[in-house]
Amino acid sequence: MINHHVSEISSYLQHQDYSLAVRRLLDVCLDINKPELIRKAIELSRIYNRTIKDKQAISQEFLNAANELTQQVSAESIVSPSSELLVSVEQVSKTYRSGSFTLSPVSFKVATGDILGVVGENGNGKTTLLRCLAGQLAIDTGTVNHTQIKEPGYYAIKHQVAFIPQRIPRWYGLLKDNLHFSAAIADVHAEENDLMVDFMLERLGLGAYANYTWNQISSGYRTRFEIARVLLQKPSLLILDEPLANLDINAQQTILTDLRFMAKSIKHPMGVVLSSQQLHEVEKIADNVLFIKRGSCVFQTKEKSKEVNAYVLELETVAGRDDLLRVLGEGNVNIQFNGGFYTITSTAQSAQDMLNKLVSSQVSITYFRDITYSTKRFFN
Amino acid sequence: METKRTTSIIKRFDQHLLKNNPVSWSTRIHTAGIYSLGFALLLAFISFIAPNDPRSKSIIHYWITLVAILSLLAFIFWMIYLLRFNVFKRYGTWKPTDNVKTFLFYFIIIAIMISWPFIPPIVESARANAAYSTEELVTDMNAMNIKICQLEQDSIPKRFRKDTFQIDNSVKGVETRRYPKYDYDDAPDDEHYYLIDTAQLREKLRSADSVKKITDSIYVIYTCPNYQFVYDYMSWNYDYAENNNERLELLSSMDLYRRVLQNRQAIDKEKIRSELGQLFTKYSPYHDPATLTASMESYSTYGESQYLSRIRDRYDLYFINQQLDHITDKKFRWDEETFEICWRVVYYISLVLSMLVLIYRHTTRRTFFLSLLAAVVLTIVTGLFIAMAPYNNHSFFMWTIAYFILFMVLSALIFNSRYRNVISGIALNLLVFMTPFMPLIITSYYYDSLRDKYDNYPYKQYEHLFENEQLHMFYSEIGGGLLLILLLATLYQMAYKKWFALPEQ
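Rules behind the numbers
Residues numbered from 1 in each chain as written. Chains lettered and ligands numbered in written order. Predicted model: local features only at pLDDT ≥ 70, side-chain atom pairs only at ≥ 80, totals over all residues. Heavy atoms only, no water. Salt bridge = Lys/Arg side-chain N within 4 Å of Asp/Glu carboxyl O. Helix = DSSP H or I, 4+ residues; strand = E, 2+ residues; numbered from the N terminus. Buried < 20%, exposed > 50% of the residue type's maximum accessible area, 1.4 Å probe, protein only. Contact = heavy atoms within 4.5 Å. Buried area = accessible area lost by both parts, 1.4 Å probe. Nonpolar A, V, L, I, M, F, W, Y, C, P; charged D, E, K, R; others polar. Phe/Tyr/Trp six-rings, centres within 6.5 Å; stacked < 30°, edge-to-face > 60°. Pairing = 2+ DSSP bridges. Axes fitted to C-alpha atoms, helices over the stretch in contact; angles between N-to-C directions. Expected span 1.5 Å × (residues − 1).

Caption draft 1: Spotlight on the pattern of salt bridges. Residue and element names in this part refer to chain A. If you walk through the whole model with that rule in mind, you get 31 salt bridges over all chains. For E242, the salt bridge identified is with K126, shortest N-O distance 3.9 Å. One end of the pair, E242, is in the loop between β6 (237-241) and α10 (249-263); the other, K126, is in helix α5 (residues 126-133), with 116 residues separating them in the sequence. On the accessibility criterion, E242 (10% relative accessible area) is buried.

Next comes the structure, spelled out in structure tokens:
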């Protein structure tokens, strides 16, 4: 297990993916659970961040420290825990008292290390489903069974299940103090408290903002600080409502990758449920994606990915619809244009075949994506 | 440099608490406590160095008003700082004692802030006590009265007032004047006498200057003229002040009469005037030791007995008595009654405010303000009911107990509820708020009922039942606070935890 991580980190260092290498080293050191290694990883991260901040070239000092730490890590051994069921949702439904909206029965399961994406258009029930799962909304029918919680009262559920809403409640005081506090109420005291807060700040790239206040940081950083805060409380299930909404494209990618790594942490594996409009980004990292439409779950990638009956691709090109029909064969495909790109559906040709035909016919393509297995197909 | 070091120590302590004891940290006991105590010490120092002549009229009410405003501002500032960081609303590992700990910390901080206005008067009293000992005051006042009596021994009346009293127990404590002339030699000059009962007579005999028993039921009581030219209205406090195991007492008119006036003395007038002048200037900055009069015009004491007015005007004793009043007013401010009022002010204000803070931190903002609204509405409605209902002494107590039971039942529903209900939240908040007052309500109800029951009996028959009423009331006041603490650590803690964690509908 450790060899896989070490080779992964070495590869990142070799190909100058230093940011990723530092983050993975932090993860691995936390998994090994040795304070001196975690401290070294934190120090390495600080060196890296200083270098980036000063817009300097990566120093030999950093590379030496990174290689030394990688070597130290390779001497350790860690055992990956087996995946365990965290929450089982069976036929859960919810109707608001005003009757304005109904979430139809939905079922799914989340295990440790799993990431569940919930996608759908605005106002279709994603937040309602997430809040029911977090114990924030009373459900009308069905069950939400938190299998890892021994005495599943709502307090225990809310202690174990962290929910990050789209609009994060304001923090007061120094951001770092809030993190120390969250760790302390999760029984992480004294030196361990310092270590874990420093770790989380470095892991989420927040070190430079630790002594700032809520008003001094952007909404993207607020989301990251909130993630850091709840992670310090070691939840077994992390639920995030639209966490990517306030993030730039790079930050989205970083957060999703981090969530992937954190979910599969060896020291503290957890399940992650997140809702988002960023379908492709979510689909890339999620083990299962639920598509919610008008309060009903119409598609789950885990269950139905093998049941597709048509191949669908998105295409952006300067070529006209007639040209495309000519190349792909009229009658074989259905082409829709939304003003920006074409959505091409075919029951006979796979996406790869259609791409090959377009390339060989020298059709100029600026954007292409195979959405055969994506929930994107359900957005109209 | 020193300030920086102090700030650094506070900061280090703050960080230590934050990482090791987040519950205490969240109450800001360390900062609010330190700054409150620091301000109290600063205030004590300022009060100590501020110009304040113990002889001058106290302006302490201005100080109290100013410091009370500062106290209120400090409380508001602390509230803003405290309440926006609503710690309980973060789910974590909370111990049952955490509630009690936070409540006690709130109580201590608020009590310190509430106590600020008491500091200037305490310091003023301490300064007055340091400047003039009780022994010194009594000795000087006696000396002044003796010297005035000596100087005025030829001009002041020496005839005692005579009053005749006949025992008649049918008057039942009402002193009744009668006019028929008595058939005995020593009848009163003004030809009237008084009918009084035995208890009243006993009281009069105790304070009489001289008594003549005519028959077993008729007494003539002689009252010495007033020779206490220098006097202050708080002189009764001297009885409690002791010096070298001897009770200090202000010489009464009778004492002065016996010492000075009973037998005429040959005196050295110049020496006495000189000594009196020194004493006058010690207490009055306006007096001239040579003339024994004040440079300022004094208020006339016209209306008093003629000789009193004359002598007080002659020596301008108005100023002396006024300055003495100012000194004793400051010295003897903290009697038992005042102390009892003061601790209750601090206790109840701190209790109510700390309960409000505690409730706010355990409930949603909406439910908190709805609870306040409900409390106001219920108070008005209940007041109307009590006012319109047929006369019943116990209505208030019965309504209060009924509400307490109702809130208890509604709060109990929380344990079986599937979702967070605002009604049960309000009931729980009001239940918590009423808890410390319930023992007092029940004790008052008990004694009121007892009083009603024995209303038609002679007081002596049931007097013993009320012997310990005040003590029981005191126990109830303290017991209420203890009951609240006990329930906060157990039932209330569970109920709040459960209610807040419930999902919304």
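Caption draft 2: Expanded view of the interface of chain A and chain B. Contact residues are listed per partner, giving 30 residues for chain A and 25 residues for chain B. Here chain A meets chain B over a buried area of about 2600 Å², counting both sides, of which 56% is carbon and sulfur. Counting every contact that joins chain A to chain B gives two salt bridges. Salt-bridge contacts for A:D194 lead to B:K19; the nearest nitrogen and oxygen are separated by 2.8 Å. Every element with two or more residues in the side of chain A that touches chain B is listed here: α6 (154-160), α7 (175-184) and α8 (190-203) of chain A. Looking at the side of chain A that touches chain B, the element that brings in the most residues is α7(A), giving six residues. Here the residues of the side of chain A that touches chain B are counted per class, giving 13 nonpolar, nine polar and eight charged.

Caption draft 3: Here's a closer look at the packing of aromatic side chains. All names here are of chain B. Counted under the stated rule, the structure contains 38 aromatic pairs over all chains. Ring plane angle 10° and centroid distance 6.0 Å describe the contact between Y403 and F407, whose orientation is recorded as stacked. You can see Y403 and its partner F407 sitting in helix α15 (residues 395-412), four residues apart, about one turn around the helix. A single burial state applies to Y403 and to F407, both of which are buried. Where Y446 meets Y447, the ring centres are 5.1 Å apart and the plane angle is 75°; that geometry is what we call edge-to-face.

Caption draft 4: Up close: the pairing of strand β11 (residues 333-337) of chain A. All names here are of chain A. As judged from the five bridges shared by β11 and strand β12 (residues 342-346), these two strands associate in the antiparallel manner. Opposite N334, over in β12, you have T345 as the bridge partner. Connecting β11 to the next strand, β12, in antiparallel fashion are four residues, including G339 with a positive phi near 100°.

Caption draft 5: Region of interest: the environment of B:V138. All names here are of chain B. Relative to the helices and strands, V138 is located in helix α7 (residues 134-151). A residue is classified by how much of its surface remains accessible, and V138, at 3% relative accessible area, is buried. Here the alpha-carbon distance between V138 and L413, two residues 275 residues apart in the chain, equals 68 Å.

Caption draft 6: Broad picture of the sheet that holds β12(A). Residues and elements named next belong to chain A. Taking strand neighbours across the sheet as the criterion, the four strands line up as β11-β12-β10-β13 in an open arrangement whose pairing is antiparallel. Edge strands, defined here as strands with exactly one partner in the open sheet, are β11 and β13 (365-370). For this sheet the average axis-to-axis angle between neighbouring strands, irrespective of direction, equals 20°. Sheet topology note: the strand β10 (residues 311-317)/β12 ladder contains five bridges and is antiparallel. Across the sheet, V312 pairs through a bridge with T345, a residue of β12. Of the strands in this sheet, β10, β11 and β12 are in contact with helix α13 (residues 321-328), which crosses β11 at around 160°. Along the sheet, helix α14 (residues 351-360) contacts β10, β11, β12 and β13; its crossing angle with β13, the most-contacted strand, is approximately 165°.

Caption draft 7: The sheet that holds strand β4 (residues 141-146) of chain A, seen in detail. Residue and element names in this part refer to chain A. Strand order in the open sheet formed by three strands is β2-β1-β4, and the pairing between neighbours is antiparallel. A strand with exactly one partner marks an edge of an open sheet, and here the two such strands are β2 (102-111) and β4. With strand direction ignored, the average angle separating the axes of adjacent strands in the sheet is 10°. Pairing geometry for strand β1 (residues 85-95) and β4, over five bridges, is antiparallel. Within β4, the residue paired with V87 across the bridge is H146.

Caption draft 8: Expanded view of unusual backbone geometry. For A:D187, which is not glycine, the phi torsion reads 65° and is therefore positive. Phi is positive for A:E242, which is not a glycine, with a value near 50°.

Caption draft 9: Spatial organisation of helix α10 (residues 269-283) of chain B. Residue and element names in this part refer to chain B. In a regular helix each residue adds 1.5 Å, so 15 residues correspond to 21 Å; α10 covers 21 Å between its end C-alpha atoms and thus fits that length. Listed in full, the buried residues belonging to α10 are I272, L276, G277, L279, F280 and Y283. Along its buried surface, α10 packs onto α7, β8 (287-288) and α12 (317-331).

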